[in-house]
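# A closer look at the structure
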Amino acid sequence: MSQVFNFSAGPAMLPEAVLRKVQENLLNFNGLGVSVMEISHRSPAFLAVAKETQDCLRTLLAIPDHYHILFLQGGARGQFAAVPQNLAKSEQSTHYLCSGYWSACAAQEAKRFTRVQQQALQQHNARGELFLRTPDPILNNPAYVHLCSNETIDGIRMTTLPQTQSPLVADMSSCLLSETIDICQYGLIYACAQKNIGPAGLTLVIIRDELLNRETQLMPDIFNYQCQAQAGSMYNTPSTFAWYVTLEVCRWILAQGGLSAMAADNEKKSAYLYDYLDQSNFYTNTIAKENRSRVNVPFHLPTPALEPAFLQQATQAGLLFLQGHRAVGGMRASLYNAMPFSGVQALVDFLEQFASKSKKHQ
Ligand SMILES: *Cc1c(COP(=O)(O)O)cnc(C)c1O
């Protein structure tokens, strides 16, 4: 089979070196004669995996000692429910910044548990481009302020944090480990693993210690941060295999030079694709430059009627899963850490060929 490039938004591409490492260790983990999937999460071999993953994440993200890292399950949507239940009483107000599809879903879920205030941030400028306006200052001390740093479906990146005294909670499902961040600006960060971190099944929560023991609502213990922190994220059996693969991803990122190297690569890859789209009179991306995602690039063909042929020919050319999310339509190329620059070059070459063929047929 000739080389393929996987542009899926999630579950998404993993680095080939990581998959090979996992394969190499699959039948005989650490000389135990069994796979990592078949050992107790409390065995010394797995506890070593757990500890090294924590250490790697602390190093990569420069996570200070007064933050816990939790390795949970239930995905980002699980956190849409867990965050309000852990951080706010039902009569308290919470504040949600709505920058796109996922932040709106998070706000919707939180309404079941707290009093939600919402600020819609999407606006159109004079050129008809979509951008995020600066959030209004949040003055009424909600229990927390929730935002989504990168809207995976809309292809929108949030660049301005709101002014508030309340802790910031950020859904970083599609951008955590894609760039450097200042953890101290946030009270809590969560991310499902299957975009840029590892396989589906694992959900990371990075939480400032003082938020662990807020008086909380009645909720399942598996979603209770305090309970999971005390149990070392092993109150129930964690998703051990996804956790181990995540360790291999973290080791790989460290070997590549850490998050500043990832950020530089992701900027270069996305700029190459955006530059092509911008000079094209065939494809369009209507997100304002300052809010363009560096990992999810949505674009449209001149007409949806061309989409089936586009997708079929892209697949034949080894460029997989370019269909956009049904909520926004069009196409989307996800360029997470694992996507090499050569994949983006192959995509741009294909885009150019498809455009010139289609123009000839007109
Ligand atoms: C994928 C994604 C989600 C949903 O994740 P699940 O693990 O399927 O619940 C939520 N938020 C963002 C930003 C995402 O990219």
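Everything below is about the structure shown above.
Throughout what follows, the structure given in this document is the object of discussion. Since the structure is predicted, the reported quantities are computational estimates derived from the model, not experimental observations. (Residues numbered from 1 in each chain as written. Predicted model: local features only at pLDDT ≥ 70, side-chain atom pairs only at ≥ 80, totals over all residues. Heavy atoms only, no water.)

## Some remarks on the site of the ligand
Which entries qualify depends on this criterion: Near, as used in this document, describes a residue that has one of its heavy atoms within 4 Å of the molecule or strand being considered. We call two N or O atoms a polar contact when they sit within 3.5 Å, provided that within protein one can donate a hydrogen and the other can accept it, with sequence-adjacent residues counted only if both atoms are side-chain atoms. All accessible areas in this document rest on Shrake-Rupley with a 1.4 Å probe, and a residue is counted as covered only by the protein chains that are shown. To qualify as a helix, a DSSP run of H or I must reach at least 4 residues; to qualify as a strand, a run of E must reach at least 2; elements of each kind are numbered from the N terminus. Each residue gets one label: Ala, Val, Leu, Ile, Met, Phe, Trp, Tyr, Cys and Pro are nonpolar, Asp, Glu, Lys and Arg are charged, and the others, such as Gly, are polar.
For the ligand, the set of nearby residues contains 14 residues, the closest of which are Arg 77, Thr 152, Asp 171, Gln 194 and Lys 195. At a separation of 2.8 Å, an oxygen atom of the ligand approaches a polar backbone atom of Arg 77. One of the side-chain N or O atoms of Thr 152 is found 2.4 Å from an oxygen atom in the ligand. For the ligand, whose unbound accessible area comes to 390 Å², protein coverage reaches 87%. For the shell around the ligand, the leading source of residues is helix H3 (residues 75–87), giving four residues. The class makeup of the residues in the shell around the ligand is five nonpolar, six polar and three charged.

## Considering the packing of helix H7 (residues 258–279) against helix H9 (residues 341–361)
Angle between the axes and distance between the axes: these two values describe a pair of packed helices. Here is the rule: Interaxial angles span 0 to 180 degrees and are taken between N-to-C directions of axes, which are lines fitted to C-alpha atoms, for helices over the stretch in contact. Angle categories are assigned with fixed cut-offs, so that under 35 degrees is roughly parallel, over 145 is roughly antiparallel, 65 to 115 is roughly perpendicular, and the rest are oblique. Working rule for contacts: check all heavy atoms of both residues, and any pair within 4.5 Å makes them a contact.
Remark: H7 packs on H9, axes separated minimally by 9 Å, with the N-to-C direction vectors making an angle of 10°. Relative to H9, H7 is oriented roughly parallel. Along its contact with H7, which presents Lys 268, Lys 269, Tyr 272, Leu 273, Tyr 276 and Leu 277, the element H9 presents Phe 341, Val 344, Gln 345, Leu 347, Val 348, Leu 351, Glu 352 and Ala 355. Broken down by class, the residue content of the contact of H7 with H9 amounts to 10 nonpolar, one polar and three charged.

## Topic: the nonpolar core
Selection rule: Throughout, nonpolar core names a set of buried Ala, Val, Leu, Ile, Met, Phe, Trp, Tyr and Cys residues whose side chains join them through atoms within 4.5 Å. The cut-offs for exposure are 20% and 50% of the maximum accessible area for each residue type, with area from a 1.4 Å probe on protein chains only; residues under the lower value are buried, those over the upper are exposed, and the others partly exposed.
Of all hydrophobic cores here, the largest spans 55 residues; its most connected members are Phe 46, Leu 57, Leu 61, Leu 176, Leu 177, Ile 206 and Ile 253. Per element, the largest residue contribution to this core is nine residues, and it comes from helix H6 (residues 240–256). In contact with Ile 206, not counting residues within four places along its chain, are Leu 61, Ile 63, Tyr 67, His 68, Ile 69, Leu 176, Ile 183, Gly 187, Leu 188 and Ile 189. Judged by nonpolar contacts, the second largest core, of 31 residues, contains Trp 102, Tyr 144, Val 169 and Leu 212.

## Thoughts on the packing of aromatic side chains
Cut-off, in case you're wondering: Pairing of aromatic rings covers Phe, Tyr and the six-membered ring of Trp, with a centre-to-centre limit of 6.5 Å; geometry is then stacked below 30 degrees between planes, edge-to-face above 60, and tilted otherwise.
Following the criterion strictly, the structure yields 17 aromatic pairs and no others. Ring centres of Phe 80 and Tyr 190 lie 6.4 Å apart, and the angle between their planes is 70°; on these two criteria the pair is classed as edge-to-face. Placement of the pair is Phe 80 in helix H3 and Tyr 190 in strand E11 (residues 188–192), with a sequence separation of 110 residues. For the residue pair Phe 80 and Tyr 190, the accessibility class agrees, reading buried in each case. An angle of 85° between the planes, with centres 5.1 Å apart, marks the rings of Phe 310 and Phe 354 as edge-to-face. Within this pair, whereas Phe 310 is found in helix H8 (residues 307–316), its partner Phe 354 is found in helix H9, the two being separated by 44 residues in sequence.

## Remarks on the environment of Ile 197
Tracing the chain through its elements places Ile 197 in the loop between E11 and strand E12 (203–208). With relative accessibility at 0%, the residue Ile 197 sits in the buried group. Each C-alpha atom of the pair Ile 197 and Val 249 lies 6.8 Å from the other, and the pair is 52 residues apart in sequence. For Ile 197, the contacting residues outside a window of four places in its chain are Leu 176, Leu 177, Ala 191, Cys 192, Leu 204, Thr 246 and Val 249.

Such coordinate-based values are descriptive only and should not be taken to indicate function.
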